[in-house]
Amino acid sequence: MIENLKPVSAEPAPCKICGGEAPLYGVVDFNRNCEIPNGITLALTGTPIYYRRCGSCGFLFTDAFDNWDKDEFKTYIYNDAYYSLDPGYVAKRPNSNAEVVARLWGPLKATIRVLDYGGGNDLFCAALRASGFPVAVTYDPMVPEYARRPDGKFDLVTSFETLEHLPDPAAGIAQIIEFAADPGLILFTTLLLPADFDKQRLNWWYVGPRNGHVSIFSKQALTAAWKRHGYKIASFNDNNHFAFRTLPPFLADLEK
């Protein structure tokens with residue numbers, strides 16, 4: 001039995017990004033997960049998870065878990081069974097991301113400080129350190145080994161597949177920004193709502209409460225979330241994004 005869920009209300013709730021009205025949009029079972037297209041279908045729990053969508057910025061979210069603390073997230077979502085529902089989490093994704101960062105920032109590795117926000121198992125930063133980055137630090141409030149708040153500012157802050165897991169995305173983005181130097185860069189991934197989302201609705205594979213996907217952005221919502229802090233967004237596709245106030249000189253072409 002899933003305990004301490006926030007009771008659902010049929011009334012619109014304030015959007016967590018722009019404050020606009022977010023009425024109920026649809027409902028899925030708690031065990032709906034992102035690996036369903038790959039053949040992993042879990043037994044229904046009978047626990048409905050309602051999602052809302054903002055009529056102004058398009059942000060899709062559930063407030064069902066807003067009463068939870070870290071222990072409840074670890075009990076019901078980030079438990080031992082989680083790894084089968086996010087198979088790239090343990091090694092494939094952090095190694096792949098480290099290869100990308102090492103390729104892009106390799107010439108500057110001796111002079112930049114890197115922070116990985118939401119980095120989980122430290123494998124990404126360990127790979128960077130092994131390739132010659134002197135400062136590559138993991139910070140993840142959900143993982144006790146890496147929950148100590150790091151000191152100082154960082155030239156590159158990364159956050160891979162994290163924003164969609166934040167029940168309070170505005171606060172999470174604000175905290176990520178606290179660690180960023182200026183000029184500095186934030187490299188992050190989160191998959192944006194597709195153009196045909198209103199056709200797919202909650203059948204879209206990325207809607208998965210069992211994976212902890214509680215906050216799913218439209219491009220408009222993502223832009224608004226960072227703009228409130230004076231940050232611009234450069235998106236290379238629907239999943240890979242940069243955020244910055246002032247671009248480092250070597251990336252100035254992004255603003256052209």
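The structure reproduced in this document is the subject of the present report. Here the residue index of a chain counts from 1 through its sequence in written order. Residue-level local features of this predicted model are given only where pLDDT is at least 70; pairs of side-chain atoms are given and counted only at 80 or more, and the full residue set underlies all totals for whole chains, interfaces and linings. Working from all heavy atoms in the structure, the side-chain values ignore hydrogens and water.

### Things to note about the pattern of salt bridges
Part 1: What makes a salt bridge here is a side-chain nitrogen of Lys or Arg within 4 Å of a carboxyl oxygen of Asp or Glu, nothing more. Taken as a whole and judged by the stated rule, the model has eight salt bridges.
Part 2: Ionic pairing is found between Arg53 and Asp198, a salt bridge with its closest N-O pair at 2.9 Å. Of the two residues, Arg53 is situated in strand β4 (residues 48–53) and Asp198 in helix α6 (residues 197–200); the sequence distance between them amounts to 145 residues.
Part 3: Whether a residue is buried, partly exposed or exposed follows from its accessible area with a 1.4 Å probe, protein chains only, as a fraction of its type maximum: under 20%, in between, or over 50%, in that order. Looking at Arg53, the relative accessible area reads 18%, which means it is buried.
Part 4: Here Arg148 makes a salt bridge to Asp151, at a shortest N to O gap of 3.3 Å.
Part 5: Connected via shared salt-bridge partners are Lys6, Arg52 and Asp63. A helix here means a DSSP run of H or I that spans at least four residues, while a strand means a run of E at least two residues long, and both kinds are numbered starting from the N terminus.

### What about the packing of helix α3 (residues 92–105) against helix α4 (residues 123–130)?
Part 1: Between α3 and α4, the shortest axis-to-axis distance is 8 Å and the interhelical angle comes to 40 degrees. With respect to α4, the element α3 is oriented oblique. When the axes of α3 and α4 are compared, the crossing they make is right-handed. From α3, Pro94, Asn95, Asn97, Ala98, Val101 and Ala102 reach across to α4, where they touch Leu123, Phe124, Ala127 and Leu128.
Part 2: Grouping the amino acids of the contact of α3 with α4 by side-chain chemistry returns eight nonpolar, two polar and no charged. Axis angles are defined between N-to-C directions and span 0 to 180 degrees, where every axis is a line fitted to C-alpha atoms and, for a helix, only to the segment in contact. Any angle from 65 to 115 degrees is called roughly perpendicular, while one under 35 is roughly parallel, one over 145 is roughly antiparallel, and all others are oblique. Each crossing gets its handedness from the near helix: less than a right angle anticlockwise from the far helix is left-handed, clockwise is right-handed. Any two residues having at least one pair of non-hydrogen atoms within 4.5 Å are treated as being in contact. Each residue is assigned to one of three groups, with Ala, Val, Leu, Ile, Met, Phe, Trp, Tyr, Cys and Pro labelled nonpolar, Asp, Glu, Lys and Arg labelled charged, and all others, Gly among them, labelled polar.

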